[in-house]
Amino acid sequence: MSGHDHGDDGVSRRKVLECMTWAGTGVLWTITGGVPRSLGIIDSAQAATAATPGMTFLQISDSHVGFDKPANPNALGTLEEAVGKINAMPAKPSFMIHTGDITHLSKASEFDNADRIISQSKLDVHYVPGEHDFLDEEVKFYRERYGRGTKGAGWYSFDAGGVHFVGLVNVVDLKAGGLGNLGAEQLAWLEDDLRGKSKSTPIVLFAHIPLWTVYPEWGWGTEDGGRALEHVKGFGSVTVLNGHIHQVMQKVEGNVTFHTARSTAFPQPAPGAAPSPGPMKVEDARLRSMLGVASINFKQNEQRLAIIDTPLQG
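In this report, the structure presented in the accompanying data block is examined. (Residues numbered from 1 in each chain as written. Predicted model: local features only at pLDDT ≥ 70, side-chain atom pairs only at ≥ 80, totals over all residues. Heavy atoms only, no water.)

## A closer look at the sheet that holds strand E7 (residues 163-167)
Reasoning step 1: With mixed pairing, the six strands of this open sheet are ordered in space as E6-E7-E8-E9-E11-E10. Strands with a single pairing partner mark the edges of an open sheet, and in this sheet they are strand E6 (156-160) and strand E10 (249-253). Here the average twist between neighbouring strands, direction ignored, is 15 degrees.
Reasoning step 2: Across five bridges, the pairing between E6 and E7 is antiparallel. Each bridged residue has a counterpart across the sheet, and for Tyr156 the counterpart in E7 is Gly167.
Reasoning step 3: Against the sheet, helix H6 (residues 184-194) engages E6, E7 and strand E8 (203-206), with an angle of about 170 degrees to E7. (Pairing = 2+ DSSP bridges. Helix = DSSP H or I, 4+ residues; strand = E, 2+ residues; numbered from the N terminus. Axes fitted to C-alpha atoms, helices over the stretch in contact; angles between N-to-C directions. Contact = heavy atoms within 4.5 Å.)

Shown next as structure tokens:
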């Protein structure tokens, strides 16, 4: 949640939103002048989005295809449910991004199963890898499927609807405690990629591990993420999308909105709420309220971003 809440009213508002998130209620956020504002729960949010048409894209994350432990014995099935929810949306999104951990053990069969399900959305999908996608000895399965035309370990950029998107890779050279790392080569490329872009261009950075420091004791952050954020400091609208922590967290710092997505496979504990991170077993009736997808809407020529977090159930 935002780190900018102050006073009794701010604390109350934050607690209400936290309760809504954990109950699985989708919340629509708009960003105007760097200030977040909640427009309501999922039904009214969808109506609000329909009333302000713009480019909409989806984020899914942490599918962990191949995972079959008690936290979710059928991760492929819940991914299929997520894709079904996407296909039921009244307006077709422009495309989808996947912020990593497509698979659990980087097996060819897991990538094949993920492709089979995700392709049912009939959307163009832009991927970045999670650490679970780079476990095979030659790291070839991810690169063969999704790395063509990318730079280095798989970073790239593209433009859509007046927005500049940058896919970053921060899972190759993990640092102490599992912190993400971008590295000098990728940072130099990012600086060059953004050079010459109008400062009014909305920028979206997306990577697997959060670029902001969520909880370093669990490796939930990127050691040199601050250097990447220096390169977008002068832009008027910057959105940073991540996965990895399997829960919704949001923070606003000046012109930058940070947002982490739910997993489609299993939840993880809140920072510090358990001895360590990892798959968290919850009652079967609660599982689908803690899994889901995110829909992001941009209205061109306005510094306005709306995020709808939609659980699989709830």
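The discussion continues.
## A word on the pairing of strand E3 (residues 55-60)
Reasoning step 1: Burial within E3 is extensive, with six of its six residues counted as buried.
Reasoning step 2: Here E3 shows a buried face lined by Met55, Phe57 and Gln59 and a second buried face lined by Thr56, Leu58 and Ile60.
Reasoning step 3: By the bridge criterion, five bridges tie E3 to strand E12 (residues 292-298) in an arrangement that is antiparallel. Within the sheet, the bridge partner assigned to Phe57 lies in E12 and is Ile296.
Reasoning step 4: The pairing of E3 with strand E4 (residues 96-98) spans three bridges and is classified as parallel. Looking at E4, one finds that Gln59 is bridged to Ile97.
Reasoning step 5: The β-α-β motif built from E3, the intervening helix H3 (residues 75-87) and the parallel element E4 has right-handed crossover chirality. (Buried < 20%, exposed > 50% of the residue type's maximum accessible area, 1.4 Å probe, protein only. Right-handed = clockwise from strand over helix to strand, strands pointing away.)

## Some remarks on the packing of aromatic side chains
Reasoning step 1: On inspection of all chains with the given rule, the structure shows 15 aromatic pairs.
Reasoning step 2: A ring pair is formed by Phe134 and Tyr142, whose centres lie 5.6 Å apart and whose planes are at 75 degrees; its orientation type is edge-to-face. Like Tyr142, Phe134 is buried.
Reasoning step 3: Note on Tyr142 and Tyr146: the rings are 5.1 Å apart at their centroids and 55 degrees apart in plane angle, and the pair reads as tilted. Placement of both Tyr142 and Tyr146 in helix H5 (residues 140-146) is noted, with a separation of four residues, approximately one turn of the helix.
Reasoning step 4: For Tyr146, a relative accessible area of 15% corresponds to the buried category.
Reasoning step 5: Ring pairs connect the aromatic residues Phe57, Phe95, Tyr156, Phe158, Phe165 and Phe206, which therefore count as one cluster.
Reasoning step 6: Here the guanidinium or amino end of Arg143 rests over the ring plane of Phe134, the centre of that ring lying 5.6 Å away.
Reasoning step 7: The ring of Phe235 carries Lys199 above its face, with NZ or CZ at 4.3 Å from the centroid. (Phe/Tyr/Trp six-rings, centres within 6.5 Å; stacked < 30°, edge-to-face > 60°. Lys NZ or Arg CZ within 6 Å of the ring centre and 35° of its normal.)

## Side note on the side chain of Thr56
Reasoning step 1: In this fold, Thr56 is placed in strand E3.
Reasoning step 2: A residue is classified by how much of its surface remains accessible, and Thr56, at 16% relative accessible area, is buried.
Reasoning step 3: Of note is the side chain of Thr56, whose polar atom sits 2.8 Å from the side chain of Asn297. (Polar contact = N/O pair within 3.5 Å; in protein donor to acceptor, adjacent residues only side chain to side chain.)

## What to know about the nonpolar core
Considering soluble globular proteins, one finds that nonpolar side chains tend to be buried as a cluster.
Reasoning step 1: Formed by 55 residues in total, the largest nonpolar core has its most connected members in Leu205, Val232 and Val240.
Reasoning step 2: Setting aside chain neighbours within four positions, we find Leu205 in contact with Val166, Leu190, Leu211, Leu229, Val232, Thr239, Val240 and Leu241.
Reasoning step 3: Ranked by size, the runner-up nonpolar core spans 17 residues in total, among them Phe95, Tyr156, Phe165 and Leu241. (Core = buried A, V, L, I, M, F, W, Y, C linked by side-chain atoms within 4.5 Å.)

## Description of the pattern of salt bridges
Reasoning step 1: All chains considered together, the criterion is met by eleven salt bridges.
Reasoning step 2: Between Arg145 and Asp115 there is a salt bridge, with the nearest N and O atoms lying 3.7 Å from each other. On the criterion of sequence distance, the pair formed by Arg145 in helix H5 and Asp115 in helix H4 (residues 108-118) is long-range, its members being 30 residues apart.
Reasoning step 3: Notably, a salt bridge pairs Asp192 with Arg195, separated by 2.7 Å at the nearest N-O pair.
Reasoning step 4: What emerges from the salt-bridge pattern is a single network uniting Asp112, Asp115 and Arg145. (Salt bridge = Lys/Arg side-chain N within 4 Å of Asp/Glu carboxyl O.)

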